[in-house]
Structures are given as C-alpha cells and as structure tokens.
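Geometric and topological summary
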Amino acid sequence: RITVVGSLNIDMVVTTPRLPVLGETILGSGFMTTPGGKGANQAVAAARLGGNVSMIGCTGDDIFGNSLLSNLAVNHVDIEHVKVIPSVSSGVAMIMVKDGDNSIIVDPGANFMLTPEMIDSAEEEIKRSDVVVIQLEIPLPAVERAVDLAKKHGAIVLLNPAPARELPDVLLSRIDIFTPNESECETLTGMKADSIGAAKDAAVFLASKGITHPIITLGGSGAVYGNAGKIFHRPAPEVEVVDTTAAGDCFSAAVALALSRGKNIAEAVEFGNIAGALTVTRKGAQASLPTPSQIAALEEK
Ligand code: ADP
C-alpha cells in the first residue's frame, strides 16, 4: 500500500500567439483544464499501475476542488484524507503555451494549507503503508511530519524533491529514496548532473548526506542510482518522444510501487524507467500515465 502526501492542482492551459504585456488583452485559443499537481499525478500514476493508493492533501471548496476529488476517485485513489478547506481556492496552474514552450503561474491555494496536524490525523493510513511518497509543492512542516510518521511506522520514505528547494540536512538524512531530475539535482547539490559520470558524482554527494538511495533521473538517458557503496547507471528504453510532461512523476510513482511490492532498488529503477519512458510517448499529464498492459508490451519488445 502507498500513501502519497502532496499537491493537487487544476492546470488551465491556453495557447497564445505571443505573451501579452501588462495591461494588454489578446486572443488565445484551445483552452482546456486538466487535473495536475505533482502529488495527484503521482497518486494516479501508482494507482493506474495497479497500486493500492491513498492521498493526503488539500483542495479548496470550489468547483476545481470537486473535480480534483472526483478525478482521484475515478482513478481509484482513496480520497478519505484529502481535506476540503473552506474559503480557499484550489491550487491552480495558469499555463500559457507559445510555440510549444510555456510560461506558468502557479497559485498553490489550498495546497499551502496542509498542516502537520492534518498529517497526524491520517497516521493510521501511513501506518498501513509500505511506502510514503512526498514532493515539495506543500509546506515543509507537513513534509517533515510525513517523514516523521513514515519513519515511526517503518514505511519507506520516497521524496521527489520537486520543485527543488533547500532542505535541512536532518531531513535529508532520513530519506530512503530521493528522486531529483537533472536540474533539481543541480539546485540541491550545486553539482551538474549533465552526464552519467557527473550524475554519479552528485549521487555520491547525496548519499554522503545520509540519503539511503539517491536516484537521479536523466530523461532519455535513464537514471543513476545507488548508495554510499556503489552507484550504477540504468538506461531508459528508447521510445518516440511526444510529450515529456509527468515523466518524472510517473518514474517516482513506479519506483514506489515496485518497492511496495518487495522489489529491490535495481528492479524498482528498471520499472521506473519503463513507466517513465511510456509516459513520454503520449500527450498530457495524467492522460499519458501507463497501465500494466502497456508496461508488459514494452517489456516484451
Ligand atoms: P522530469 O520529468 O522530472 O524532468 P526526467 O526528464 O529525468 O524527469 O524523466 C524521468 C524519467 O522518465 C527518466 O528517468 C526516464 O526513465 C523517463 N524518460 C524521460 N524522458 C525520456 C525519453 N526521452 N526516453 C525514454 N525515457 C524517458
């Protein structure tokens, strides 16, 4: 069983011929709203892969909150511990897309109302979890309490440090699995991870902080992982890239699911690479998250 502690956002996407300047109104096109937020993406990814998943987080009491909750429920994520906060908006990301690139404003809204006490009220859920998955789109005290409770009950702690921010050493020393991508790795360590060799050096540094298993994801180059003793590289399957959105979310979720099923770290990274690679072959965030049969088809190739 997996518990995901994290964010839920509605992504509001509009395509624009150019970015408006202050005071200007211009016409865009192709507006759509889709459920997102790293926490919700990872919860849906793990559930779609066949995991038993519950989520701890907050939405506002607005129409977006309703649709975020129903989206999780439709995807078989247990929403008992998602709190609806009165008089606060749900987290939203306003995304302007121009020539395939984007400018984004995120209003975390209810996500920033997640308190340590709310984590405490879900202690029974954490107690029955094999893995607790956390990201950084929620307040740090909530992250720290989730780590405390996971450790207290012997669950594996997977922290996906996104978006990257400075973290206390004492927190790092309690993390079992840590999954930065290349740029997050650089922000966190000050070391480049732009080649397999450089990423291995950064992983050694992260391990020296007391992280049991750093895993640095390297996009199409797969991931490096290991522990203080030895760092390995595992390539990703070669696939046709359509849209890389949510690849990292799917990778972390797949690693968590594999570990919750008793797989070792090498097997978990292998599974993460396959799931992450499948995610980039299709458009969208949650829409592109793979199913077990799609995994099996790629494994047979
Ligand atoms: P993020 O999405 O957080 O930026 P990455 O780009 O490192 O993270 O991707 C996460 C994982 O997704 C990679 O480790 C890999 O397993 C898979 N992946 C991403 N891009 C590709 C790609 N072009 N080809 C194959 N696998 C990919």
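For the structure itself, consult the block above.
This report concerns the structure included in the present document. All of these numbers come straight from a predicted model, not from anything done at the bench.

**Examining the sheet that holds strand 2 (residues 9-15)**
Spatially, the 4 strands line up as an open sheet ordered 3-2-6-7, and their pairing is mixed. Among the strands making up the open sheet, the edge pair consists of strand 3 (29-36) and strand 7 (101-107). Sheet twist, expressed as the mean angle between neighbouring strand axes with direction ignored, is 20°. Bridge count between strand 6 (residues 91-98) and strand 7: 7 bridges; the pairing is antiparallel. When the bridges of strand 7 are listed, Val-92 appears paired with Asp-107. Contacts from helix 2 (residues 63-74) reach strand 2, strand 3 and strand 6, with the element oriented near 110° to strand 2.

**Looking at the site of the ligand**
In the vicinity of the ligand there are 17 residues, among which Thr-217, Gly-219, Gly-222, Gly-248 and Asn-273 approach most closely. A distance of 3.0 Å is found between an oxygen atom of the ligand and a side-chain nitrogen or oxygen belonging to Asn-181. Between the ligand and Thr-217, the relevant distance is 2.8 Å, taken from an oxygen atom to a side-chain nitrogen or oxygen of the residue. Burial of the ligand by the protein chains amounts to 82% of its free accessible area of 550 Å². Secondary structure elements with two or more residues in the shell around the ligand: helix 9 (247-260) and helix 10 (265-279). A class-by-class count of the residues in the shell around the ligand yields 9 nonpolar, 8 polar and no charged.

**Focus: helix 2**
Given a rise of 1.5 Å per residue, 12 residues ought to cover 16 Å, and the 16 Å separating the end C-alpha atoms of helix 2 matches this to within 8%. For helix 2, the full list of buried residues reads Gly-65, Leu-68, Leu-69, Asn-71 and Leu-72. Mapping the buried residues of helix 2 onto a view down its axis gives an arc of 160°, with all of them on the same face. With respect to the buried face of helix 2, the exposed residues turned more than 90 degrees away are Ile-63, Asn-66 and Val-74. Looking at the buried positions of helix 2, the neighbouring elements they touch are strand 2, strand 3, helix 1 (38-48), strand 4 (53-60) and strand 5 (77-85).

Cut-offs and rules
- Residues numbered from 1 in each chain as written.
- Predicted model: local features only at pLDDT ≥ 70, side-chain atom pairs only at ≥ 80, totals over all residues.
- Heavy atoms only, no water.
- Pairing = 2+ DSSP bridges.
- Helix = DSSP H or I, 4+ residues; strand = E, 2+ residues; numbered from the N terminus.
- Axes fitted to C-alpha atoms, helices over the stretch in contact; angles between N-to-C directions.
- Contact = heavy atoms within 4.5 Å.
- Near = heavy atom within 4 Å.
- Polar contact = N/O pair within 3.5 Å; in protein donor to acceptor, adjacent residues only side chain to side chain.
- Areas by Shrake-Rupley, 256 points an atom, 1.4 Å probe, with all protein chains shown as cover.
- Nonpolar A, V, L, I, M, F, W, Y, C, P; charged D, E, K, R; others polar.
- Expected span 1.5 Å × (residues − 1).
- Buried < 20%, exposed > 50% of the residue type's maximum accessible area, 1.4 Å probe, protein only.
- Arc of directions from axis to C-beta.

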